[in-house]
Structures are given as C-alpha cells and as structure tokens.
Amino acid sequence: MTIVEVFNPLVLIGIALAGGLGSAIRFAMSKLQGYLPWGILLANITASFFAGWAVVYFNGNDTWVAVTVVGLAGGLSTFSSWAGASVQMAASGKAFRPAIYTILTLVLSSTAAYLGLLFG
Amino acid sequence: MTSRDFSLVFLGGSLGALLRYLIGGSLELTLGSSIAGSLSLLMVNVLGAMFLGLLNFHPRFSSESNKSFWGAGFCGGFTTMSGVALFLYQYPPLLAMPAAAVMFGFGFIGYAAGANLGRASK
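Reference entry: report on the structure contained in this document. (Residues numbered from 1 in each chain as written. Chains lettered and ligands numbered in written order. Predicted model: local features only at pLDDT ≥ 70, side-chain atom pairs only at ≥ 80, totals over all residues.)

**Side note on the overall build of chain B**
Okay, so step 1: When you go through chain B residue by residue, the secondary structure sums to five helices and zero strands.
Okay, so step 2: Going residue by residue from the N terminus, the α and β elements of chain B occur as α-α-α-α-α.
Okay, so step 3: Dimensions along the principal axes, computed over C-alpha positions, put chain B at roughly 45 × 30 × 25 Å.
Okay, so step 4: Of all 122 residues assigned to chain B, the portion counted as buried reaches 51%.
Okay, so step 5: Contacts spanning at least 24 positions in sequence make up 77% of the contacts within chain B whose residues lie at least 6 apart. (Helix = DSSP H or I, 4+ residues; strand = E, 2+ residues; numbered from the N terminus. Buried ≥ 20, exposed ≤ 12 C-beta atoms within 10 Å, placed from the backbone. Contact = placed C-beta atoms within 7 Å.)

Below you can see the structure in the form of structure tokens.
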C-alpha cells in the first residue's frame, strides 16, 4: 500500500462508518449472556465468517476489503471483551469458564473464518 | 440500552476502527507488509485489552456514557477477533498458533494490568 492508498478519505470514512455500525450491532448482541458471554462469542464468530467471505468476495478491490474486513468485521468482533470477561471469570474463582470461553472463541472463530474463505 | 448508548458506541467504535486501520497502515508503510500485519494485530489487541481494564476500574470512566463510548465503542472497535481468525490462515500454523497464544496471553495479562492500574487510581 502507498501513503495515498492508506490515507484515502473514502476509505477512512467507510471504515469509520462500518466500524461504528459493527460496534453498535455487537453492543446489541452483547446483552445475550449466560454461563458464558454468548452474545460476544456469536458476534466474534459472525464477524470472522464475514471477514473470510469478504476477503475472497472483494478480492482485488482494496477499498471494499478495507471497509468490510477492517471496518465492519473489525467493529463487530472484539478482543478486549474476551480479555475482560476471561479475567473477571478467573478472578471470581471460575477457573474453568475462561478456559472454555477461550477455546470456544479460538476454535469457532477460526473455523468460521475458514468457512467464509471457502464460501467467498 | 437507549439510543444515546447506541450513538456513543457507534462513535467510539468508529474512532477505534479508524485508529486500528491507521496503526496497521502506518506500520505497513514503515516496516513492510510481511511484519506489519501481525505486529499491528498484537499491538491493538493488547493495548485495547489494557485500556479496557483501566477504564473498567478507573473512577474517571465510571459513568455509563464513558463505558459506552470508551468501553463497548472504542475498545471494542479498536481490537479485533476476526483479524486474529484471519491471521491464523495467513501464516504457517507453526508460526500462527504460537503467535495467537502469545496474543491471548498478553491480552489476558494486559487487561489484568490495566485493571490494577485503574484500581490504584481510586
């Protein structure tokens, strides 16, 4: 990427809008909670599938890849919420839960990304 | 969940996603694409986890508005799990799996360190 491509105003505006939209959807999904933060897990899986799909589907169009993968999928998924929930579960003595949550997040998100790459 | 909460999350998420992109782009321009992708992913995820830990316990960020904008919005938009999932397929498994383990480890420690820093500020 050149400096002109990185700082292309259209890409910047697109990423900001898509990132905000993804974050708002994740925020709505985050209310789905139980034994684990199911809503965040689902958001991460959905975003990983979508990112894999978009990488292949928009292959060759850097603007759309940036907006959909970096913006929408990046905004919909979150790493910090995984860290926060895992530390808080571990701190409250539920040592087994963060391990399950981490394994589920890693395995299901990467599988979803693989399926997205396959179907894109 | 009010429309104000959604607006704040939207704005924070926009800012976070934009900053994540700019960090990745700047690193790519200076270091090249081979190392920039993994380094920026590690950087944003660990820093984002640390910042979320800090703001969850720092009195300055205790209001619901601050939690929506900075927590669910900015930190959520700044960090990415879909990037980690894609990263696992962009590099050979022998490199990607340990790198992901390091990221998860540092993310966990980063959040705990940020939380301790936030508690210490009370």
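Once the structure has been displayed, the description carries forward.
**Side note on the overall build of chain A**
Okay, so step 1: Along chain A, the regular secondary structure elements total six helices and zero strands.
Okay, so step 2: Ordering the α and β elements of chain A from the N terminus gives α-α-α-α-α-α.
Okay, so step 3: Principal-axis analysis of the C-alpha atoms places the extent of chain A at approximately 50 × 30 × 25 Å.
Okay, so step 4: When each of the 120 residues of chain A is scored for burial, the buried share is 51%.

**Regarding the interface of chain A and chain B**
Okay, so step 1: Taken together, the 47 residues of chain A in the interface contact 45 residues of chain B.
Okay, so step 2: Counting only elements with at least two residues in the side of chain A that touches chain B, the list comes to helix 1 (3-6), helix 2 (9-29), helix 3 (38-57), helix 4 (62-76), helix 5 (80-91) and helix 6 (96-119) of chain A.
Okay, so step 3: Among the elements that line the side of chain A that touches chain B, the one with the most residues is helix 2 of chain A, at 11 residues.
Okay, so step 4: When the residues that make up the side of chain A that touches chain B are grouped by side-chain class, the tally is 24 nonpolar, 21 polar and two charged. (Nonpolar A, V, L, I, M, F, W, Y, C, P; charged D, E, K, R; others polar.)

**A closer look at the nonpolar core**
Okay, so step 1: Formed by 69 residues in total, the largest nonpolar core has its most connected members in Ile15, Phe50, Ala51, Ala73 and Ala83 of chain A together with Val84 and Tyr111 of chain B.
Okay, so step 2: Tallying contributions element by element places helix 3 of chain A first for this core, with 11 residues.
Okay, so step 3: With residues near it in sequence (within four places) discarded, Val84 of chain B still touches Phe79 of chain A together with Leu41, Ala100 and Met103 of chain B. (Core = buried A, V, L, I, M, F, W, Y, C linked by C-beta atoms within 7 Å.)

**Some points on helix 6 of chain A**
Quick reminder: α-helices carry 3.6 residues per turn. Residues three or four places apart thus point the same way.
Okay, so step 1: Between the first and last C-alpha of helix 6 of chain A there are 34 Å, a value that for 24 residues agrees with the 34 Å anticipated at 1.5 Å per step.
Okay, so step 2: Next to the buried residues of helix 6 of chain A lie helix 3 and helix 5 of chain A together with helix 4 (82-90) and helix 5 (93-120) of chain B. (Expected span 1.5 Å × (residues − 1).)

**Section: the packing of helix 3 of chain A against helix 4 of chain A**
Residue and element names in this part refer to chain A.
Okay, so step 1: Taken N-terminus to C-terminus, the directions of helix 3 and helix 4 make an angle of 170 degrees; their axes are 8 Å apart at the nearest point. Between helix 3 and helix 4, the interaxial angle falls into the category roughly antiparallel. Touching Ala43, Thr46, Ala47, Phe50, Ala51, Ala54 and Val55 of helix 3 are Val65, Thr68, Val69, Leu72, Ala73 and Leu76, all from helix 4.
Okay, so step 2: Looking at the contact of helix 3 with helix 4 residue by residue, the classes come out as 11 nonpolar, two polar and no charged. (Axes fitted to C-alpha atoms, helices over the stretch in contact; angles between N-to-C directions. Parallel < 35°, antiparallel > 145°, perpendicular 65-115°, else oblique.)

**Section: helix 5 of chain A**
Okay, so step 1: In this model, helix 5 of chain A (12 residues) spans 16 Å end to end at C-alpha, consistent with the 16 Å of a helix rising 1.5 Å per residue.
Okay, so step 2: Residues of helix 5 of chain A that are buried sit in contact with helix 3 and helix 6 of chain A together with helix 2 (33-57), helix 3 (64-78) and helix 5 of chain B.
Okay, so step 3: Once helix 5 of chain A ends, the next one or two residues include Gly93 of chain A, with phi positive near 85 degrees.

**Points about the packing of helix 6 of chain A against helix 4 of chain B**
Okay, so step 1: At a minimum axis distance of 8 Å, the contact between helix 6 of chain A and helix 4 of chain B shows a crossing angle of 65 degrees. One finds that helix 6 of chain A runs roughly perpendicular with respect to helix 4 of chain B. Here the hand of the crossing between helix 6 of chain A and helix 4 of chain B comes out right-handed. For the pair formed by helix 6 of chain A and helix 4 of chain B, the contact residues are Ser109, Ser110, Ala112, Ala113, Tyr114 and Leu117 of chain A on the first element and Ser82, Ala85, Leu86, Leu88 and Tyr89 of chain B on the second.
Okay, so step 2: Its residues assigned to classes, the contact of helix 6 of chain A with helix 4 of chain B shows eight nonpolar, three polar and no charged. (Left-handed = near helix turned anticlockwise from the far one by under 90°.)

**Looking at the environment of Gly116 of chain A**
Residues and elements named next belong to chain A.
Okay, so step 1: Mapping Gly116 onto the fold places it in helix 6.
Okay, so step 2: For the pair Gly116 and Val56, spaced 60 residues apart in sequence, the C-alpha to C-alpha distance is 8.3 Å.
Okay, so step 3: Residues contacting Gly116, with those up to four places away along its chain left out, are Ser48, Phe49, Phe50, Ala51, Gly52 and Trp53.

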